[in-house]
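Letter by letter, the chains look like this.
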Amino acid sequence: MCTLEKHGDVFVLTLTGSSDVDEHRFGPSAIDSILSAIAKAKAEATPGSALITTSHGKFFSNGLDLAWAQAAGSRAGARERLLYMVESFRPVVAAMMDLPMPTVAAVNGHAAAAGFTLALSHDYVIMRRDKGVLYMSEVDIGATLPDYFTALFRAKVGSATARRDVLLRAKKIKGEEALRMGLAEAAYDSEEQVAEASMRLAKQMAGRKWAGEVYAEIRKSLYPDLCGVLGLDIRAVVSNSKL
Amino acid sequence: MCTSEKHGDVFVLTLTGSSNVDEHRLGPSAIDSILSAIAQAKAEATPGSAFITTSHGKFFSNGFDLAWAQAAGSRTGARERVNYMFKSFRPLVAAMMDLPMPTVAAVNGHAAAAGFILALSHDYVVMRRDKGVLYMSEVDIGLTLPDYCAALFREKVGSATARRDVLLRAKKIKGEEALRMGLVEAAYDSEERVAEASMRLGKQLAGRKWAGEVYAEIRKSLYPDLCGVLGLDIKAVFSNSKL
């Protein structure tokens, strides 16, 4: 599931698991857990807040809980469960777009499919250079992408070639390449360094003391097509006491 | 016109002509011929198929058969024929978007206007570095672009500057520059090397054994505006036997 802690002004959402090689899959409970954590951060937001999402071990997240889907026992049942998770995850991406504070994904390990989508839902992605890949596995698994996944990638990945390589070629992208493709802000040589750098970046952003509501609306205005797909409104906000 | 062959799992469509300097112009019969070849590949597709389009000699293709248009004998007649070719070519681009397998354009020589469009309709473009250019000649000839051509360039060519240089400046783009502009995957020093590299890439992509229907739908989801213009639906597909 996940935990939410506060380090000064920085909320830290940690995807938790049972071991160092836990894949931190998003099943219905995990998705619920994450939604609650984001809602809590939103409720407690002040100018000077920031959010980091991270995990520990080999995986950031390997995506939706396909094992839970298959446990339905039939192909129709599996598809129903998969669609259920896809639809439940949609509000997570929406909530990240709406979160009134800067967000950083501290990607400690592999981020695949919905795990990659979660990372990319953040304003900044920091990952490891020595281990771990970003990977949209859908074409390898034999599933098309939900509309909001595609919209997120179109919004955040500027290069048509990069989008093709990520989504159509299912490239497994290491840190250096992620930097070149504009997918990540920075890449470091260990999980600890990723954590430190993410905290440093988050505190730096938090120190700008942005008005959260303004920040969120400006963020959404960067990604209008994605917001359209997610059903999010974008509005004008003036939060300066002198204006 | 063209020939279709199979090299293992890889379909090879070759634009044919009467000599080494044949421009492989795309007139009504050629377009028909290519459409049939694509339809045949689609009908025979299996996971592990791939499709290469190529030609031999100085030209990949120099575009529509403008000589045939002029042979109408009048300006009105010529325009009718040009419009006819634009209209006939639309289903060809649509068929390439819908083809349930990875596609590679092995550009052996000059690719201009509709020839350039044909190349760009493929998932990957490999061209020569020593000879040949990519060239959208329309503004030089005095023809505007059909809607689907503009849409193809907008979605495949990520940089606004590159799009302007290609379409509005009618730049003649050699291999190295095509690489920099993100128009091609790779550029090689001879027609033979282009052919080898394209086959290598084709086989590599075929080796991923992607489910063709899933692949085609993900491809289309990369280019939604183009699909809208072409009237192509994009649907959700699951082809995993466990899901």
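Everything numeric in this text was worked out from a predicted model, so none of it was measured. (Residues numbered from 1 in each chain as written. Chains lettered and ligands numbered in written order. Predicted model: local features only at pLDDT ≥ 70, side-chain atom pairs only at ≥ 80, totals over all residues. Heavy atoms only, no water.)

**Thoughts on the environment of Asp-123 of chain B**
- Tracing the backbone shows Asp-123 of chain B in the loop between helix H4 (114–120) and strand S7 (124–128).
- Apart from residues lying up to four places away in sequence, Asp-123 of chain B is in contact with Arg-164 and Leu-168 of chain A together with Met-101, Pro-102, Thr-103, Lys-156, Tyr-215 and Arg-219 of chain B.
- A polar contact is formed between the side chain of Asp-123 of chain B and the side chain of Tyr-215 of chain B, at a distance of 2.8 Å. (Helix = DSSP H or I, 4+ residues; strand = E, 2+ residues; numbered from the N terminus. Contact = heavy atoms within 4.5 Å. Polar contact = N/O pair within 3.5 Å; in protein donor to acceptor, adjacent residues only side chain to side chain.)

**Things to note about the interface of chain A and chain B**
- Each side of the interface is counted separately: chain A has 27 residues, and chain B has 31 residues.
- When the two sides are added together, the surface that chain A and chain B hide from each other amounts to roughly 2,500 Å², 57% of it contributed by carbon and sulfur.
- At the junction of chain A and chain B, the tally comes to four salt bridges.
- The partner of Glu-155 of chain B in a salt bridge is Arg-154 of chain A, with the nearest N and O atoms 3.3 Å apart. (Buried area = accessible area lost by both parts, 1.4 Å probe. Salt bridge = Lys/Arg side-chain N within 4 Å of Asp/Glu carboxyl O.)

**Let's talk about the side chain of Asp-165 of chain B**
Residues and elements named next belong to chain B.
- Position of Asp-165 among the secondary structure elements: in helix H7 (residues 160–168).
- Judged by its relative accessible area of 9%, Asp-165 is buried.
- With residues near it in sequence (within four places) discarded, Asp-165 still touches Ala-170, Lys-171 and Met-181. (Buried < 20%, exposed > 50% of the residue type's maximum accessible area, 1.4 Å probe, protein only.)

**Focus on the nonpolar core**
- Ranked by internal contacts, the top residues of the largest apolar core, which has 145 residues, are Phe-89 and Leu-183 of chain A together with Phe-89, Leu-134 and Leu-183 of chain B.
- Among the elements that make up this core, the one with the highest residue count is helix H3 (residues 75–98) of chain B (ten residues).
- Here Leu-183 of chain A is in contact with Phe-116, Leu-120, Val-125, Leu-134, Val-157, Val-166, Ile-173 and Ala-178 of chain A, once residues within four sequence places are set aside.
- Ranked by size, the runner-up nonpolar core spans 14 residues in total, among them Ala-50, Val-104, Ile-126 and Met-199 of chain A. (Core = buried A, V, L, I, M, F, W, Y, C linked by side-chain atoms within 4.5 Å.)

**Notes on the sheet that holds strand S9 (residues 186–188) of chain A**
All names here are of chain A.
- Read across the sheet, six strands follow the order S1-S2-S3-S5-S7-S9 without closing on themselves; strand pairing throughout is mixed. Of all the strands in the sheet, just strand S1 (2–7) and S9 have a single pairing partner and so form its edges. Averaged over all adjacent pairs, the angle separating strand axes in this sheet is 20°, with direction ignored. (Pairing = 2+ DSSP bridges. Axes fitted to C-alpha atoms, helices over the stretch in contact; angles between N-to-C directions.)

**Re the sheet that holds strand S6 (residues 110–112) of chain A**
Residues and elements named next belong to chain A.
- The sheet built from three strands is open, its strands ordered S4-S6-S8 with parallel pairing. Both edges of this open sheet fall to strand S4 (59–61) and strand S8 (134–135), since each of them pairs with a single strand only.
- In terms of strand pairing, S6 meets S8 through two bridges, oriented parallel. Residue pairing across strands places Ala-111 opposite Leu-134, the latter belonging to S8.

**Brief notes about the pattern of salt bridges**
- In this structure the tally under the stated criterion is 32 salt bridges over all chains.
- Close ionic contact of Arg-25 of chain A with Glu-23 of chain A constitutes a salt bridge, the shortest N to O distance being 2.9 Å.
- Across the pair Asp-130 of chain B and Arg-128 of chain B runs a salt bridge, and its minimum N-O distance is 2.7 Å.
- Salt bridges sharing common partners tie together Asp-98, Glu-213, Glu-217, Lys-220 and Arg-235 of chain A.

**Quick notes on the pairing of S7 of chain B**
Residues and elements named next belong to chain B.
- Among the five residues that make up S7, five are buried, leaving the element largely enclosed by the rest of the structure.
- As defined by bridge partners, S7 adjoins strand S10 (residues 186–188) across three bridges and the pair is classed as parallel. Counted as the bridge partner of Val-126 is Ala-186 from S10.

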